[in-house]
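Examining the three-dimensional arrangement
Below, each chain spelled out in residue letters.
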Amino acid sequence: MSSKKRSSKNLKIGTRITISAVVGILVPVMILIAFSSVFQNFMASYFGFATVTTNEYSAVNQLQWSQTITSISDELVSDSKEESKVKKINEFVTPLEKLGSVIYIEKDGAEFYATTSKKDITDIADSIVKTDTHTNVNYFGENGMVIVNHAQSDTDKYTLIIANKDYTVNDVSKRFAPQNITHLLFSRTGIIILLIASVFIIAIIIISFITSKTISKPLRELSYGANEIANGNLDYVIDYDSTNEIGVTVKSFNHMTDQLKQLTERQQTIEQSRKEMIAGVAHDLRTPLTSVKGYVEGLRDGIANTPEKQELYLKTIYTSTLNMERLLDELLTVSRLELGNIELDCKPININDFLDDCADELLVELSQHDFDFEYNNNCDSDFTLMLDTERFQRVIHNIISNSLKYAKKDVRGKIELNAQTYQKSVIISLADNGIGIEGENLTKIFETFYRADPARTKTSEGSGIGLSVARQIVELHGGKIWATGKEGKGLTVLISMPRTEENND
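Below is a summary of the structure that appears in this document. (Residues numbered from 1 in each chain as written. Predicted model: local features only at pLDDT ≥ 70, side-chain atom pairs only at ≥ 80, totals over all residues. Heavy atoms only, no water.)

Attention now goes to a negative patch on the surface. A contiguous patch of negative charge on the surface is contributed by Asp353, Asp356, Asp357, Asp360 and Glu361. Its place among the elements puts Asp356 in helix α10 (residues 351-368). Residue classification places Asp356 among the partly exposed residues on the basis of a relative accessible area of 32%. (Patch = residues over 30% accessible without salt bridge, like charges linked within 9 Å, V, L, I, M, F, W, Y side chains within 5 Å. Areas by Shrake-Rupley, 256 points an atom, 1.4 Å probe, with all protein chains shown as cover. Salt bridge = Lys/Arg side-chain N within 4 Å of Asp/Glu carboxyl O. Lys, Arg positive; Asp, Glu negative; His and termini not counted. Charge placed at Lys NZ, Arg CZ, Asp CG, Glu CD. Helix = DSSP H or I, 4+ residues; strand = E, 2+ residues; numbered from the N terminus. Buried < 20%, exposed > 50% of the residue type's maximum accessible area, 1.4 Å probe, protein only.)

Here it is, written out as structure tokens:
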């Protein structure tokens, strides 16, 4: 299974803020580390730390000694040639020797540079403070100064010993030398502090700007999209693909817009279907009403002046009244189904008995409409269903009525009733050879008030609610109904009904 490619766009807002805070600290520190040598050289020259200038203890003097020892050690372990190292060491130690310091440098146990012999310098160092040349020593006292430092390269080991008996510490207060560093704090140190603070501030501003932009940009897109939707543009899609909180919100927003668009389109379709249904119902009611009115006037005016005519007029009036009653009953059934006010009276029914009865009734009805009828029953003899037979007969009747309405005018109509049982269900199909329907509309013909194409939207062809009633009754039984077919090649309606639990066990 392929995983979605990780992207900075997918970072959660909390993670972005955390990363921003961490980076806001790390970046300036990394910048300072990267340019530490530059800062070090700059500070050393600017503050006078590059070399020792006095034998009197102070905070500045300690920084001078520290810088000097570091410079000597770095040169000793560098990749420079021996002659170059000696020359460079001379430049470092000459100012120290002028102040009375003695220096001894040992390389791998052998003398590398010496102001005096190793024995003499160790004696001087011991006279100042007990000294172990194998450990680092930094001693600044009233009786002198001793420094022992070790440096090691990949191949060589160096020992540096410096001693000066003329080094003095006048009093304890001068250890902190406020009179020496006060000026630095207010004149030079402030510049360095300002420089470091500026690096931090600039880095934080840049990082904050980038983080803010990654958050504010999708929020602006979301806000713009909301305005577009509010103005009725339901086709607008916010283009922001991410898995963070904003991305999830955008996806939900786009989904909501799509659902709203579908709901609006469905509402418009339903509204149009209702208008067509009202027109169809009005026509279906007007036709029998007109017929009733005409024949009643004929009876009243004495046009039907023979018993035969009177009987014909009364029969026509009765038939028209039955048609109106049927249509009104259909509308009432739709209303009750949609409101959930219908309860089924289901009983165990043998499928063969039920289908055989339906086939007998259909044969009589279809012969009156000059339709051929074919019946194929492949059901098990003991297969039973829980059926409300009266309601389910209405399903069959509505499907047949639909086939009668949409038969081809130039072809003799035909309807096939087929049934096949399976382990847990029975599938009943009713197929006609009528005008058919486009494939994309097959799933819509069972919607209330829906009629698919211009050939089926003539108000004279009925209200278009029979199949909706059939669908709802089938679903109340726990079954499913669907249709197959092609335009011009007929329509097949299939019903799948579950076997009763007892029989199934």
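As for its placement among the helices and strands, Asn418 is situated in strand β9 (residues 414-421). Within the structure, the side chain of Asn418 is placed 2.7 Å from the side chain of Asn376, a separation counted as a polar contact. Discounting chain neighbours no more than four positions away, the residues touching Asn418 are Asn376, Ile427, Ile428 and Ser429. (Polar contact = N/O pair within 3.5 Å; in protein donor to acceptor, adjacent residues only side chain to side chain. Contact = heavy atoms within 4.5 Å.)

Two elements in contact, α10 and helix α11 (residues 389-405), have axes separated by 12 Å at closest approach and are oriented at 35°. Both α10 and α11 take part in a crossing whose hand is right-handed. Here α10 contributes Phe354, Cys358, Glu361, Leu362, Glu365 and Leu366 to the contact with α11, which in turn contributes Thr389, Phe392, Gln393, Ile396, His397, Ile400 and Leu404. (Axes fitted to C-alpha atoms, helices over the stretch in contact; angles between N-to-C directions. Left-handed = near helix turned anticlockwise from the far one by under 90°.)

Let us look at the pairing of strand β10 (residues 425-432). With seven of eight residues buried, β10 is to be regarded as a mostly interior element. Between β9 and the antiparallel strand that follows it, β10, lie three residues. Note: β10 against strand β12 (residues 491-498), seven bridges, orientation antiparallel. By the bridge assignment for β12, Ile428 is matched with Ile495. (Pairing = 2+ DSSP bridges.)

Taken as a whole and judged by the stated rule, the model has 13 salt bridges. Between Arg300 and Asp301 there is a salt bridge, with the nearest N and O atoms lying 3.2 Å from each other. For Arg300, a relative accessible area of 63% gives the class exposed. Through salt bridges with shared partners, a single ionic network connects Glu82, Lys107 and Asp156.

Bringing helix α5 (residues 118-128) into the picture now. Residues that lie three or four places apart on an α-helix share one face, since the helix turns once every 3.6 residues. Along α5, the residues that are buried comprise Ile121, Thr122, Ala125 and Ile128. With its buried residues spanning 120° around the axis, α5 presents them on a single face. Considering only its buried residues, α5 is in contact with β1 (102-107), β3 (137-141), β4 (144-152) and β5 (157-164). (Arc of directions from axis to C-beta.)

The subject of this paragraph is the nonpolar core. The biggest cluster of nonpolar side chains holds 45 residues, and the ones touching the most others in it are Phe392, Ile428 and Ile495. Ranked by the residues each element gives to this core, the list is headed by α10, at seven residues. Here Ile495 is in contact with Phe392, Val395, Ile399, Val426, Ile427, Ile428, Val474, Lys480 and Ile481, once residues within four sequence places are set aside. Among the nonpolar cores identified, the runner-up in size contains 23 residues, and Ile69, Leu96, Ile103 and Ile162 belong to it. (Core = buried A, V, L, I, M, F, W, Y, C linked by side-chain atoms within 4.5 Å.)

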